Amino acid sequence: MPDGGNVPVGARDDRGAAGTSAAPRLRRRGRTVRLAGAGALLGLVAGVCAGYLVQADREPTKLPPLSQPVIEQAEGETEPLPAAQDHKVRTDGDLRKLLLDKPRGARTASWVPQDGWLELAEYADFFKQPGEKFRALATDQFRRAAVTGWKTGTSTVDIRLVQYRQEDSMAAADATHNLEETAGSGRTDSTSIPGTGDGTAYVHLRPIADFGVGRPLYLAEAYAWRGDVAMEVWIHSSRPIAEREIKELARRQMERL
């Protein structure tokens with residue numbers, strides 16, 4: 001078989017002419033690769049040098065000063081906000097004055113305390129488990145509760161403003177959210193109260209029989225909070241209650257906080 005047959009190049013390196021002719025071809029290919037690599041490296045270095053020279057000819061870009069202008073502090077004492085704009089001033093005063101006024105022709109509800117205040121135990125007694133609620137209110141730093149209520153025709157209205165000390169938690173917001181969760185668990189229609197963030201009004205679609213008055217009553221309720229005060233509004237009636245009625249009542253009450 002001639003030396004130029006199908007023999008691998010590595011097997012032909014010691015076969016005379018064929019082996020001699022193959023080796024130079026491999027060496028020439030290696031030098032070409034090395035020369036190309038060296039050319040690429042020289043081109044890269046030349047590009048970097050050219051970029052450096054171009055940048056060196058340019059004027060340096062001015063940097064902003066590290067020091068900023070000193071703002072002079074105003075002298076004198078800052079005037080406090082007027083009471084109409086300071087929420088804390090309003091709610092630290094007589095909380096009863098923030099309750100809605102009784103409508104003309106309405107009768108004061110018999111269960112409303114004469115002084116308009118509910119003590120901790122009295123407020124807890126409104127719940128189904130007063131003892132448990134009492135302990136929870138004490139833990140939540142209950143401060144006081146102002147209340148009003150009236151009767152008009154077949155309906156009664158109950159409004160409470162419950163204030164917390166809020167030294168360790170957002171108790172007013174937490175209390176509101178808990179009441180909202182309970183109110184929305186049955187068959188109800190709900191709507192947001194304008195201007196209250198997450199305040200919500202609920203209208204129960206069926207009359208409720210466990211109010212201890214001897215007949216089923218329809219119920220609507222609304223809850224919202226602002227600062228350290230939680231608002232509760234209830235309407236009981238022998239007739240279905242319109243959503244706009246409870247919503248408007250709650251909106252007007254929250255505007256006074």
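Residues numbered from 1 in each chain as written. Predicted model: local features only at pLDDT ≥ 70, side-chain atom pairs only at ≥ 80, totals over all residues. Heavy atoms only, no water.

S.K.: Help me understand the overall build of the chain, please; the structure alone is not making it clear to me.
M.R.: Broken down by element type, the chain carries 6 helices and 8 strands. Along the chain direction, N to C, the helices and strands of the chain fall in the order α-α-β-β-α-α-β-β-α-β-β-β-β-α. Classification of the 257 residues of the chain by burial places 31% in the buried group. Within the chain, counting contacts between residues at least 6 apart in sequence, those at least 24 apart form 53% of the total. Of the roughly 17300 Å² of accessible surface on the chain, 54% is carried by carbon and sulfur atoms. (Helix = DSSP H or I, 4+ residues; strand = E, 2+ residues; numbered from the N terminus. Buried < 20%, exposed > 50% of the residue type's maximum accessible area, 1.4 Å probe, protein only. Contact = heavy atoms within 4.5 Å. Areas by Shrake-Rupley, 256 points an atom, 1.4 Å probe, with all protein chains shown as cover.)

S.K.: For this particular structure, what's the right way to read the environment of Pro130?
M.R.: By the secondary structure assignment, Pro130 is in helix α4 (residues 130–139). Note on Pro130: relative accessible area 30%, which makes it partly exposed.

S.K.: I keep staring at helix α6 (residues 243–255) and nothing clicks. Help me out?
M.R.: Count 3.6 residues to each turn of an α-helix, and residues three or four apart come out pointing the same way. With 13 residues, α6 should cover 18 Å at 1.5 Å per step; its first-to-last C-alpha distance of 19 Å lies within 8% of that length. Listed as buried for α6 are Ile246, Leu249, Ala250, Gln253 and Met254. Axial view of α6: buried residues confined to an arc of 130 degrees, hence all on one face. Within α6, the exposed residues directed more than 90 degrees away from the buried face are Arg244 and Glu255. The inward-facing, buried residues of α6 abut β3 (142–152), β4 (155–164), β6 (200–204), β7 (218–226) and β8 (229–237). (Expected span 1.5 Å × (residues − 1). Arc of directions from axis to C-beta.)

S.K.: I'm lost on the packing of aromatic side chains in this one. Help?
M.R.: The geometry of an aromatic ring pair comes down to the distance between the two centres and the angle between the two planes. Tallied over the entire structure, the rule returns 5 aromatic pairs. The interplanar angle of 80 degrees and the centroid separation of 5.3 Å between the aromatic rings of Tyr123 and Phe127 together place this pair among those described as edge-to-face. For Tyr123, a relative accessible area of 1% corresponds to the buried category. What links up through ring pairs into an aromatic cluster is the set Tyr123, Phe127, Phe142 and Tyr164. Above the face of the Phe127 ring, Lys133 is positioned so that its terminal group lies 4.5 Å from the ring centre. (Phe/Tyr/Trp six-rings, centres within 6.5 Å; stacked < 30°, edge-to-face > 60°. Lys NZ or Arg CZ within 6 Å of the ring centre and 35° of its normal.)

S.K.: Please clarify how the side chain of His204 should be interpreted in this entry.
M.R.: For His204, the location among the structural elements is in strand β6. Residue classification places His204 among the buried positions, given a relative accessible area of 14%. Polar side-chain contacts of His204 include one of 2.5 Å to the side chain of Glu221. Ignoring anything within four residues of it in the chain, the contact list for His204 reads Ala183, Arg187, Thr188, Tyr218, Leu219 and Glu221. (Polar contact = N/O pair within 3.5 Å; in protein donor to acceptor, adjacent residues only side chain to side chain.)

S.K.: Could you clarify how one ought to interpret helix α5 (residues 171–183) in this entry?
M.R.: With 13 residues, α5 extends 18 Å from end C-alpha to end C-alpha; this agrees with the ideal 18 Å at 1.5 Å per step. Considered for burial, the residues of α5 that qualify are Ala171, Ala172, Ala173, Ala175, Thr176, Leu179, Glu180 and Ala183. In this structure, the buried side of α5 is in contact with β4, β5 (188–192), β6, β7 and β8.

S.K.: Is there a simple way to think about the nonpolar core in this case?
M.R.: Soluble globular proteins: nonpolar side chains tend toward being buried together. By size, the foremost hydrophobic cluster in this structure holds 27 residues, and its most contacted members are Leu161, Met231 and Ile246. Of all elements in the fold, only β3, β4, β6, β7, β8 and α6 reach the threshold of two or more residues within this core. In contact with Met231, not counting residues within four places along its chain, are Arg160, Leu161, Ile193, Ala222, Tyr223, Ala224, Ala250, Gln253 and Met254. Formed by 14 residues, the second largest nonpolar core is a distinct cluster that contains Tyr123, Leu137, Val162 and Ala230. (Core = buried A, V, L, I, M, F, W, Y, C linked by side-chain atoms within 4.5 Å.)

S.K.: Can you help me understand the confidence of the model for the chain in this one?
M.R.: Any region with low pLDDT has predicted coordinates that should not be read closely. With 65% of its residues at a pLDDT of 70 or more, the chain has an overall mean of 79. Low pLDDT (under 50) marks residues 1–28, which in the prediction has 9 contacts with non-local residues, meaning those over four places away or in another chain. (pLDDT = per-residue confidence, 0-100.)

S.K.: Would you mind showing me how to read the environment of Asp101 here?
M.R.: Position of Asp101 relative to the elements: it lies in the loop between α2 (87–92) and β1 (107–108). Residues Asp101 and Thr148, 47 residues apart in the sequence, show an inter-C-alpha distance of 8.4 Å.

S.K.: How should the pattern of salt bridges be read in this particular structure?
M.R.: Where charged atoms of side chains with opposite charge meet at close range, the side chains can pair. Counted by the stated rule, this structure contains 7 salt bridges. With a shortest N-O distance of 3.0 Å, Arg96 and Asp94 are connected by a salt bridge. Residue classification places Arg96 among the partly exposed positions, given a relative accessible area of 34%. As a salt-bridge pair, Glu245 and Arg239 come within 3.5 Å of each other at their nearest N and O atoms. (Salt bridge = Lys/Arg side-chain N within 4 Å of Asp/Glu carboxyl O.)

S.K.: Sorry, what's going on with the pairing of β6 here?
M.R.: Every other side chain in a regular strand lies on the same face of the sheet, so the side chains alternate between the two faces. Across the 5 residues that make up β6, a large majority, 5, are buried. Here β6 shows no split at all, with Thr200, Tyr202 and His204 on one side and Ala201 and Val203 on the other all buried. Taken together, the 5 bridges between β5 and β6 define a ladder with antiparallel strand orientation. When the bridges of β6 are listed, Asp189 appears paired with Val203. Relative to β7, β6 runs antiparallel, the two being bridged by 4 bridges. Across the sheet, residue Ala201 finds its bridge partner in β7, namely Ala222. (Pairing = 2+ DSSP bridges.)

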